[in-house]
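# Survey of secondary and tertiary structure
For reference, the chains in residue letters:
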Amino acid sequence: MKLGSVTPILRIFDEAKAREFYVDYLGFTVDWDHRFGPGMPLYLQVSRGDCVLHLSEHHGDCCPGAALRIEVDDVDSLHAELTAKQYGYARPGIEDTPWETRELSVKDPFGNRLTFAG
């Protein structure tokens, strides 16, 4: 038996803010989105490299306030990229951890924490 990859689902409440954070700031691409009908909650997939996330406005899918760890091969380059964007709601720094990783943590507008670890 082999387990496959994991795709986390993160709760969002505002499509414009989600796209501003995940696409404009973090550099993810929207792969697809879905609504069951006009005015219905949004469900979408974003990705960057091998990192795939699902974002959902559906209240039953998940709770806000999740925490993710995402492997990154060069946390310093990611930090430089994000810093250069001058995003108005976050200015994450890099932490050298006692377990010998370098990590950059940032919260999305919905309280979900993404930690990029290298």
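Predicted, not measured: the structure shown is a model, and the values here were computed from it. (Residues numbered from 1 in each chain as written. Predicted model: local features only at pLDDT ≥ 70, side-chain atom pairs only at ≥ 80, totals over all residues. Heavy atoms only, no water.)

### Here we look at the sheet that holds strand S1 (residues 9-11)
Convention followed: For two strands to be treated as a pair, DSSP must find no fewer than two bridges joining them. Strands are runs of DSSP state E lasting at least two residues, helices are runs of H or I lasting at least four, and both sets are numbered from the N terminus onward. Interaxial angles span 0 to 180 degrees and are taken between N-to-C directions of axes, which are lines fitted to C-alpha atoms, for helices over the stretch in contact. Residue contacts are counted whenever heavy atoms from the two residues lie within 4.5 Å of one another.
With mixed pairing, four strands are arranged side by side in an open sheet as S1-S4-S3-S2. The sheet terminates laterally at S1 and strand S2 (29-34), the two strands that pair on one side only. Looking at each pair of strands side by side, their axes are set apart by 25 degrees on average, direction ignored. As paired strands, S2 and strand S3 (residues 43-48) are joined by five bridges and run antiparallel to one another. The residue of S3 that forms the bridge with threonine 29 is serine 47. Relative to the sheet, helix H1 (residues 15-25) contacts S1, S2, S3 and strand S4 (51-56), its axis offset from that of S2 by approximately 150 degrees.

### With respect to the pairing of S4
What counts here: Note on classification: 1.4 Å probe, protein chains only; a residue is buried when its accessible area is under 20% of the maximum for its type, exposed when over 50%, partly exposed between these limits.
The buried fraction of S4 is high, at five of six residues. As paired strands, S1 and S4 are joined by three bridges and run parallel to one another. Bridging across to S4, leucine 10 finds its partner in leucine 55. Hairpin connection between S3 and S4: a loop of two residues separates the two successive antiparallel strands, and glycine 49 in this loop has a positive phi of roughly 60 degrees.

### As for the sheet that holds strand S7 (residues 102-107)
The four strands lie next to each other as S5-S8-S7-S6, forming an open sheet whose pairing is mixed. Each edge of the open sheet carries a strand with a single partner, namely strand S5 (67-71) and strand S6 (94-96). Averaged over all pairs of adjacent strands, the angle between their axes in this sheet comes to 30 degrees, without regard to strand direction. Relative to strand S8 (residues 113-117), S7 runs antiparallel, the two being bridged by five bridges. The residue of S8 that forms the bridge with glutamate 103 is alanine 117. Packed onto the sheet, helix H2 (residues 75-84) meets S6, S7 and S8 and runs at close to 35 degrees relative to S7.

Keep in mind these values describe shape, not function.
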